[in-house]
Structures are given as C-alpha cells and as structure tokens.
Amino acid sequence: MNQPLAYIHPEAKIAQNVVVEPFSTIYKNVEIGEGTWIGPNVTIMEGARIGKNCKIFPGAVISAAPQDLKYKGESTTVTIGNNTVIRECVTLNRGTALDKNNTAIGEDCLIMAYVHVAHDCVIGNNVIIANTVQLAGHIEIQDYVFIGGTSAVHQFVKIGAHAMVSGGSLVRKDVPPFVKAAREPLSYAGINSIGLRRRGFSNEKIAEIQQIYRTLFLSGLNYTAALDKIELDMAPSAERDDILNFFRNSERGVIKGYSSSIDAN
C-alpha cells in the first residue's frame, strides 16, 4: 500500500498493512505498527515509534529534533500509542537526554490541527488537545484531559486526570485532577462533572470530589491546612488520594480559586 511517490528509508520498520500516501517521507530508525495510515505530505523523522491503527494527517512532522539549545544531536524518540489520531500540521518533537529521552503520546488520543508538543512531554491515554494548542517542554498531561483550542501551556506544568482547560487559556500553574479551569488568570471553575458522568463516575463519587474541592478552594483555608483537613475528615479513596498527592507534589504550584463565591458544582 506504499505509494511510489513516497520515500521510505530501507531501514525503517513498517508493518505490512501500513498505508503511506504520496509525498510522505519516512526516515531510518522509525517503527510503525499495523493498520496505521500515513497521509500525504507527512514527515516522520528518526526516532519515531508509532503504534497500531493510528492516523496521521497531511503536513504533520513527527519526531523532529527538539527546539532546545541543550540538545546536541543525541539519539532520542517520540512514541505514539495505538489508535491515536494526529491531525494536520501537528509537530511532535522528540525527547532530550537531559530529561526523559522520549516524548510520549498515549493511546486513543486526538491531537487536533496545528498543535505543537515540545520535547520530553508525557501525554496520557484518551487525551484530547484542540486546535493550535502549544505545549512547551517537560509537560505532563494525565489521562482523559481536554485542552481547549489556542491554549498555551508553560514548561514543566502538570495537568491532572479528567481535567478540562477552557479554550484560549494561558496555563502557567498545575491544574489538579477532575476540575474545570478557566478565566484569566487561569483559575478553578468547578469540577468537570459532565466529563466524569460520561466516564461512569457515580453521583456519590462526584459528590465526594466536589466536597474535596470545596474544602480546598472555598473554605478559606490555605492549601496545607485544607489538605490536612481532607485527610483527617474524609475516608481514603483513589480519588481523594490522587488529589492529595497532586497538591503535595506540585512543583510549579497549583492554580487558585477564582472567587470564594464560586460554587463547586
């Protein structure tokens, strides 16, 4: 299924049923899994590791060298998980030896047109990143995150699982799991209750998460006191512990509550 007008380096490892459309270029030291479609005018450079049943649309550049002055040409990679869709003109830079050696995109993700993912980012599974989002280096995005279009995310920021970031946001601080983040400066705007219900969270579990964030953002306590109160008053659960660990391990600091008058619903 490889078109004669495409160039595939003889050392690239391409599964038998991969489709490569005309005018695409695939360098050496590339691996592409079964059932993947490579559209026209795609460039896949050294170090790309692309899973099964992916779709990569025209104009995308996968595994280009990092835009980092510390990068000295070392051999590093980009990995893309199974069933992930990379839309038009997306750029994914490979990692650096000074950090993870790899930039990772998980499974079942949708990376929309003109998104840039810089070196050493780690993106989880089932993540949706809308058009023209720009991710600086060393960012971590956990599972089931949605980032609205034209947002820009500062290097080393962490976005917790099931969070939703509104379009046009400037993300300078960490966004904790299960929340909606909006406004300028980016602030807590309630929990992502619609997304949680779509993913099968029970009403009781959603109420538990709401109570945690009421304590964190609406009680008037500082984060240290609020976290201690949550740990003391609420029974252990995976969601409670995820939130506690996220706040306590944040290196850049967590977004603030917008106003004490905002409801947590």
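Thresholds applied
- In this convention, every chain numbers its residues from 1, walking through the sequence in written order.
- Totals for whole chains, interfaces and linings use every residue, but because this is a predicted model, local features are given only for residues with pLDDT of at least 70 and side-chain atom pairs only at 80 or more, for both listing and counting.
- Side-chain measures here rest on the full set of heavy atoms in the structure, leaving out hydrogens and waters.
- We treat two strands as partners when DSSP finds at least two bridges between them.
- Helix and strand assignments come from DSSP, with helices taken as H or I runs of at least 4 residues and strands as E runs of at least 2, each series counted from the N terminus.
- Salt bridges are counted wherever a side-chain nitrogen of Lys or Arg sits within 4 Å of a carboxyl oxygen of Asp or Glu.
- Burial here depends on accessible area, computed with a 1.4 Å probe over protein chains only, as a share of the maximum for the residue type. Under 20% is buried, over 50% is exposed, and the range in between is partly exposed.
- Delimitation of the domains relies on an automatic or database domain assignment.
- Residues enter a nonpolar core if they are buried and are Ala, Val, Leu, Ile, Met, Phe, Trp, Tyr or Cys, with the set joined through side-chain atoms within 4.5 Å.
- The contact rule is simple, with two residues in contact once any of their heavy atoms fall within 4.5 Å.
- Two rings from Phe, Tyr or Trp (for Trp, the six-membered ring) form a pair when their centres sit within 6.5 Å of each other. Planes less than 30 degrees apart are called stacked, planes more than 60 degrees apart edge-to-face, and all others tilted.
- Ring-over charges, as used throughout, are those where CZ of Arg or NZ of Lys falls within 6 Å of the ring centre and within 35 degrees of the ring normal.

- As annotated in an unreviewed UniProt entry, the chain is Acyl-[acyl-carrier-protein]--UDP-N-acetylglucosamine O-acyltransferase from Adhaeribacter aerolatus.

Things to note about the sheet that holds strand β11 (residues 77-80)
Part 1 of the reasoning: Taken in spatial order, the 8 strands make up an open sheet running β2-β5-β8-β11-β14-β17-β20-β23, and their pairing is parallel. With one partner strand each, in any of the chains shown, β2 (13-14) and β23 (158-159) form the two edges of the open sheet.
Part 2 of the reasoning: Pairing between strand β14 (residues 102-105) and strand β17 (residues 122-123): 2 bridges, direction parallel. Bridge assignment links Ala104 to a residue of β17, and that residue is Val122.

Observations regarding the pattern of salt bridges
Part 1 of the reasoning: What the rule picks out here adds up to 11 salt bridges.
Part 2 of the reasoning: With a closest N to O distance of 2.8 Å, Asp233 and Lys229 form a salt bridge. Taken together, the positions of Asp233 and Lys229, both in helix α3 (residues 223-233) and 4 residues apart, correspond to about one turn of that helix.
Part 3 of the reasoning: Owing to a relative accessible area of 48%, Asp233 belongs among the partly exposed residues under this scheme.
Part 4 of the reasoning: For Lys229, a relative accessible area of 39% translates into the label partly exposed.

Things to note about the domain arrangement of the chain
Part 1 of the reasoning: Assigned domains within the chain: domain 1 (7-141) and domain 2 (196-249).
Part 2 of the reasoning: Placing a centre on the C-alpha atoms of domain 1 and another on those of domain 2 gives a separation of 35 Å.

Considering the nonpolar core
Part 1 of the reasoning: Among the nonpolar cores identified, the biggest contains 67 residues, and Ile44, Ile62, Leu135, Ile141, Val175, Tyr213 and Leu216 are the most heavily contacted of them.
Part 2 of the reasoning: With 6 residues, the top contributor of residues to this core is helix α2 (residues 203-218).
Part 3 of the reasoning: If you count residues domain by domain, this core takes at least three from each of domain 1 (7-141) and domain 2 (196-249).
Part 4 of the reasoning: Setting aside chain neighbours within four positions, we find Ile141 in contact with Val122, Ile123, Gly124, Val127, Ile129, Leu135, Ile147 and Ile159.

Notes on the sheet that holds strand β7 (residues 43-44)
Part 1 of the reasoning: Across the sheet, 9 strands lie side by side as β1-β4-β7-β10-β13-β16-β19-β22-β25; this open sheet has parallel pairing. Where the open sheet ends on each side, the last strands, each with one partner, are β1 (7-8) and β25 (170-171).

Considerations on the environment of Leu216
Part 1 of the reasoning: With respect to the helices, strands and loops of the structure, Leu216 is situated in helix α2.
Part 2 of the reasoning: With relative accessibility at 3%, the residue Leu216 sits in the buried group.
Part 3 of the reasoning: Between the C-alpha atom of Leu216 and that of Thr132, which follows or precedes it by 84 residues, the distance is 32 Å.
Part 4 of the reasoning: With residues up to four places along the chain from it excluded, the contact list for Leu216 reads Leu221, Tyr223, Ala226, Leu227, Ile230, Ile243 and Phe247.

With respect to the packing of aromatic side chains
Part 1 of the reasoning: Scanning all chains against the criterion turns up 8 aromatic pairs.
Part 2 of the reasoning: An angle of 90° between the planes, with centres 5.9 Å apart, marks the rings of Phe217 and Tyr223 as edge-to-face.
Part 3 of the reasoning: Among the aromatic residues, ring-to-ring pairing joins Tyr188, Tyr213, Phe217, Tyr223 and Phe247 into one connected group.
Part 4 of the reasoning: Taking NZ or CZ as reference, Arg87 lies 3.9 Å from the ring centre of Phe57, over its face.

Here's the deal with unusual backbone geometry
Part 1 of the reasoning: A cis amide bond links Glu184 to the next residue, Pro185, at an omega of 0°.
Part 2 of the reasoning: At Thr132, a position not held by glycine, the phi torsion is positive, near 65°.
Part 3 of the reasoning: Relative to the helices and strands, Thr132 resides in the loop between β18 (128-129) and β19 (134-135).
Part 4 of the reasoning: A relative accessible area of 30% means that Thr132 is categorised as partly exposed.

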